[in-house]
Amino acid sequence: MNKDLSLLIKLQSLDTEISKKEKKKDVFSQQIEEIEGKIEILEKELVSREKELKQIKKEKRKKEREIEDIDLLLSKYEGEKYKVKSQGEFAALEKEINEAKKNKTKIEDILLELMEKEEKDMVDFPSFKKGAAEKKENLKKKRDIVVINLENTTKEEKDLKNERVKLTSQLNFVLLNQYTQLSKGKKGPIVVPMEDGVCEGCNMRVSPSLMGKIKKGEEIVYCENCSRILYTLDNIR
Ligand SMILES: [Zn+2]
């Protein structure tokens with residue numbers, strides 16, 4: 001068999017392998033991105049739950065201070081009760097006291113709600129935190145495995161590419177150029193077998209004169225219809 005032709009067939013199978021590795025790398029990279037996205041969401045959720053808990057504590061302290069202020073005000077009013085000189089003044093003071101008490105009740109209700117929420121969060125948060133840490137750990141392990149897969153595939157691809165360089169250096173330059181141009185213009189293989197007198201690239205019948213040349217396998221033969229390079233499997237077996 002023509003040496004260039006057998007090199008071309010090898011080159012094509014190398015290119016197929018390289019393209020498989022590239023696709024694999026894309027899949028691994030995407031997986032890594034997805035896992036890292038999940039880790040990020042977990043971290044964000046943890047931060048937001050921590051923030052929420054802090055916010056409740058802060059809100060609670062604020063309400064407690066408001067109640068203290070109202071209590072101060074109420075005891076001040078109680079003192080004033082003994083100093084009022086008229087029924088009108090007394091009634092006005094009573095009204096103030098009632099307002100303050102009503103306000104205090106409202107704030108106490110809010111405080112109670114906050115306390116209940118805080119209590120619930122204090123119970124829930126540690127188990128959430130623990131769960132999140134475990135999930136994160138698992139995701140990281142998963143990611144590390146994919147990273148190793150990616151590294152291995154990258155190395156394999158590099159080896160194949162080195163092999164390709166070696167191979168192309170042995171190949172006729174014009175032929176290599178033709179192969180490259182044909183590869184750019186067509187989907188699938190460029191160097192194809194002739195099966196039962198038909199080109200496997202375009203499924204068209206090959207003329208008898210070409211068939212003879214292909215069977216000899218001494219020169220590079222192009223399909224008259226699709227320009228792919230033809231060979232016969234009999235010459236490889
Ligand atoms: Zn063809």
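Parameters at a glance
- Residues numbered from 1 in each chain as written.
- Predicted model: local features only at pLDDT ≥ 70, side-chain atom pairs only at ≥ 80, totals over all residues.
- Heavy atoms only, no water.
- Donors = N, O, S within 2.8 Å, 3.2 Å for Na, K, Ca; no water.
- Tetrahedral: all angles 85-135°; square planar, octahedral: opposite > 155°, others 65-115°.
- Buried < 20%, exposed > 50% of the residue type's maximum accessible area, 1.4 Å probe, protein only.
- 1 Å grid on protein atoms, 1.4 Å probe; cavity = no way out; pocket = protein on both sides within 12 Å on 5 of 7 lines; lining within 4 Å.
- Points joined across faces, edges and corners; volume = space filled by probe spheres on them.
- Helix = DSSP H or I, 4+ residues; strand = E, 2+ residues; numbered from the N terminus.
- Contact = heavy atoms within 4.5 Å.
- Axes fitted to C-alpha atoms, helices over the stretch in contact; angles between N-to-C directions.
- Parallel < 35°, antiparallel > 145°, perpendicular 65-115°, else oblique.
- Left-handed = near helix turned anticlockwise from the far one by under 90°.
- Nonpolar A, V, L, I, M, F, W, Y, C, P; charged D, E, K, R; others polar.
- Salt bridge = Lys/Arg side-chain N within 4 Å of Asp/Glu carboxyl O.
- Lys, Arg positive; Asp, Glu negative; His and termini not counted.
- Polar contact = N/O pair within 3.5 Å; in protein donor to acceptor, adjacent residues only side chain to side chain.
- Patch = residues over 30% accessible without salt bridge, like charges linked within 9 Å, V, L, I, M, F, W, Y side chains within 5 Å.
- Areas by Shrake-Rupley, 256 points an atom, 1.4 Å probe, with all protein chains shown as cover.
- Charge placed at Lys NZ, Arg CZ, Asp CG, Glu CD.
- Core = buried A, V, L, I, M, F, W, Y, C linked by side-chain atoms within 4.5 Å.

A.B. asks: What's the story with the coordination of the zinc ion in this structure? I'm lost.
C.D. replies: Distances from the zinc ion to its protein donors, Cys-199 (SG), Cys-202 (SG), Cys-223 (SG) and Cys-226 (SG), fall at 2.2 to 2.4 Å. Around the zinc ion sit 4 donor atoms; with metal-centred angles ranging over 104 to 114°, the donor geometry is tetrahedral. Each donor residue of the zinc ion belongs to the same chain, with the gaps between them written as C-x2-C-x20-C-x2-C. The buried category is assigned to Cys-199, whose relative accessible area is 0%.

A.B. asks: It is not clear to me how empty space enclosed by the protein should be interpreted in this structure. Could you clarify?
C.D. replies: A water-sized probe, rolled over the atoms, reveals where empty space remains. The final tally for this structure, using the stated rule, is 1 cavity of 30 Å³ or more. Lining the largest cavity are Arg-49, Leu-53, Asp-121 and Phe-125. Going through the elements one at a time, α1 (3-81) and α2 (87-170) are the ones with two or more residues in the lining of the largest cavity.

A.B. asks: When you look at the side chain of Glu-118 in this model, what are you seeing that I'm missing?
C.D. replies: Mapped onto the secondary structure, Glu-118 falls in helix α2. With a relative accessible area of 10%, Glu-118 lands in the buried category. Once you skip the residues sitting within four places of it in the chain, Glu-118 turns out to touch Leu-53, Ile-56, Lys-57 and Lys-60.

A.B. asks: Looking at this structure, how should I read the packing of α1 against α2?
C.D. replies: For any two helices packed against each other, the geometry is given by the interaxial angle and the distance between the axes. Interhelical geometry of α1 versus α2 gives an angle of 165° and a closest axis separation of 4 Å. Between α1 and α2, the angle is such that the two are roughly antiparallel. The way α1 lies across α2 gives a crossing that is left-handed. A class-by-class count of the residues in the contact of α1 with α2 yields 35 nonpolar, 8 polar and 46 charged.

A.B. asks: Even after reading the chapter, I still don't get the pattern of salt bridges, so can you show me in this structure?
C.D. replies: Opposite charge on two side chains allows them to pair when their charged atoms are near. Taken as a whole, this structure holds 21 salt bridges when the rule is applied. Across the salt bridge formed by Glu-43 and Lys-136, the nearest N and O atoms sit 2.9 Å from each other. With Glu-43 in helix α1 and Lys-136 in helix α2, the pair connects residues that are 93 residues apart, well separated along the chain. As a salt-bridge pair, Glu-134 and Lys-130 come within 3.8 Å of each other at their nearest N and O atoms. One end of the pair is Glu-134 and the other is Lys-130, both in helix α2 and 4 residues apart, which spans about a single turn. The structure contains a network of salt bridges with shared partners spanning Glu-22, Lys-25, Glu-157 and Lys-161.

A.B. asks: Could you clarify how one ought to interpret the side chain of Arg-228 in this entry?
C.D. replies: With respect to the element layout, Arg-228 can be found in the loop between β3 (221-222) and β4 (229-231). Of the side chains bearing the opposite charge, Glu-200 lies closest to the buried Arg-228, which forms no salt bridge; the N-O distance is 9.7 Å. Here Pro-189 takes part through its backbone oxygen, which lies 2.9 Å from a polar atom of the side chain of Arg-228. Within polar-contact distance, the side chain of Arg-228 engages the backbone oxygen of Gly-201 at 3.5 Å. Here Arg-228 is in contact with Lys-186, Lys-187, Pro-189, Ile-190, Val-192, Gly-201, Cys-202, Val-221, Tyr-222 and Cys-223, once residues within four sequence places are set aside.

A.B. asks: I would appreciate a short explanation of the packing of α1 against helix α3 (residues 173-185) in the present structure.
C.D. replies: Interhelical geometry of α1 versus α3 gives an angle of 40° and a closest axis separation of 11 Å. It follows that α1 is oblique to α3 by the angle criterion. As α1 runs across α3, the sense of the crossing is right-handed. Across the interface between the two elements, Asp-4, Leu-8, Leu-11, Gln-12 and Asp-15 from α1 touch Leu-175, Leu-176 and Tyr-179 from α3.

A.B. asks: Honestly, a negative patch on the surface in this entry has me stumped. Any pointers?
C.D. replies: A contiguous patch of negative charge on the surface is contributed by Glu-108, Asp-109, Glu-113, Glu-116 and Glu-119. Relative to the helices and strands, Glu-108 is located in helix α2. Here Glu-108 falls in the partly exposed class, since its relative accessible area comes to 36%.

A.B. asks: Which parts of the structure should I look at to understand the nonpolar core?
C.D. replies: Nonpolar side chains tend toward joint burial in soluble globular proteins. Residues Leu-5, Leu-8, Leu-11 and Val-191 are the most contacted members of the largest nonpolar core, which totals 19 residues. Elements that contribute at least two residues to this core include exactly α1, α2, α3 and β4. Take this core: its biggest share by element is 7 residues, from α1. Not counting chain neighbours up to four residues away, the residues in contact with Leu-11 comprise Arg-164, Leu-167, Thr-168, Leu-171, Leu-176 and Tyr-179. Of all hydrophobic cores here, the second largest spans 12 residues; its members include Val-192, Met-194, Ile-214 and Cys-226.

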